Amino acid sequence: MTASSEPARGAGRVRPMNAGTPAKTSAAAAFALVFGVAALFSVLTAILAWIGLVLGIIGVILGIVGLKMSRRPGVTGRGVAIGGLVLSVLAVLLGLALAAGITTFVNNEGAVDRLQQRVDDLRDKLNE
């Protein structure tokens, strides 16, 4: 076979229309990751859990949008969107579990009385 009769390298491959431009990461995917991390940190502080719950819900929405956008040609970020989605869902689940636990504790009069007794005991020790 001569060089002229050999098929050219890459012949038969379909090249994308934007082969010269680099792919860009989806902004929704990147924001989903940012919101997921912020939501998880907020929920884990327990004081800012309600903020983490809101951030987590926003992160879930952005993660879904980021996954859909990553299917477009010239757009990447599928892994980033999945990471943001996982962190956001985890933050939402932890936030809901924390809210359920606090609600159960507050509605349990015996637990609230025991907590009040401990606070009173600590206050008496400080005054001594």
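The structure under discussion appears in the preceding block.
Residues numbered from 1 in each chain as written. Predicted model: local features only at pLDDT ≥ 70, side-chain atom pairs only at ≥ 80, totals over all residues. Heavy atoms only, no water.

### Side note on the packing of helix H2 (residues 49–69) against helix H3 (residues 78–107)
Working step 1: Running from amino to carboxyl end, H2 crosses H3 at an angle of 150°, the nearest separation of the two axes being 7 Å. Put simply, H2 runs roughly antiparallel to H3. Crossing handedness for the pair H2 and H3: left-handed. Each of Ala49, Leu53, Gly56, Ile57, Gly59, Val60, Gly63, Ile64, Gly66 and Leu67 in H2 lies in contact with H3, whose residues at this interface are Arg78, Ala81, Ile82, Leu85, Ser88, Val89, Val92, Gly95, Leu96 and Leu98. (Axes fitted to C-alpha atoms, helices over the stretch in contact; angles between N-to-C directions. Helix = DSSP H or I, 4+ residues; strand = E, 2+ residues; numbered from the N terminus. Parallel < 35°, antiparallel > 145°, perpendicular 65-115°, else oblique. Left-handed = near helix turned anticlockwise from the far one by under 90°. Contact = heavy atoms within 4.5 Å.)

### Some details on the packing of H3 against helix H4 (residues 109–127)
Working step 1: It is the contact of H3 with H4, at a shortest axis distance of 5 Å, that shows an interaxial angle of 80°. When the interaxial angle is binned, H3 and H4 end up roughly perpendicular. Residue-level inspection shows Phe105, Val106 and Asn107 of H3 in contact with H4, the latter providing Glu109, Ala111, Val112 and Leu115.
Working step 2: Residues belonging to the contact of H3 with H4 are distributed by class as follows: five nonpolar, one polar and one charged. (Nonpolar A, V, L, I, M, F, W, Y, C, P; charged D, E, K, R; others polar.)

### With respect to the pattern of salt bridges
Working step 1: Under the counting rule described, the total for this entry stands at one salt bridge.
Working step 2: We note a salt bridge from aspartate 120 to arginine 123, for which the minimum N-O separation is 3.3 Å. Of the two residues, aspartate 120 and arginine 123 are both situated in helix H4; the distance of three residues between them amounts to about one turn of the helix.
Working step 3: The exposure class assigned to aspartate 120 is partly exposed, which follows from its relative accessible area of 23%.
Working step 4: Taking the relative accessible area as the measure of exposure, arginine 123 reaches 45% and is therefore partly exposed. (Salt bridge = Lys/Arg side-chain N within 4 Å of Asp/Glu carboxyl O. Buried < 20%, exposed > 50% of the residue type's maximum accessible area, 1.4 Å probe, protein only.)

### Here's the deal with H2
Working step 1: Between its terminal C-alpha atoms H2 stretches 29 Å, which fits the 30 Å expected from 21 residues at 1.5 Å a residue.
Working step 2: For H2, the set of buried residues is Ala49, Gly52, Leu55, Gly56, Gly59, Gly63, Gly66 and Leu67. Considered in projection along H2, the buried side chains sweep an arc of 110° and stay on one side of the axis. Residues of H2 that are exposed and point more than 90 degrees away from the buried face comprise Trp50 and Lys68. (Expected span 1.5 Å × (residues − 1). Arc of directions from axis to C-beta.)

### Remarks on the nonpolar core
Working step 1: Membership of the largest hydrophobic core is limited to five residues, which are Ala39, Leu40, Val43, Leu55 and Ala91.
Working step 2: Element by element, the count of residues in this core is highest for helix H1 (residues 27–45), at three residues. (Core = buried A, V, L, I, M, F, W, Y, C linked by side-chain atoms within 4.5 Å.)

### Here we look at unusual backbone geometry
Working step 1: Phi is positive for alanine 46, close to 70°, though the residue is something other than glycine.
Working step 2: The residue alanine 46 is located in the loop between H1 and H2 in this model.
Working step 3: Alanine 46 gets classed as partly exposed once you look at its relative accessible area, which sits at 42%.

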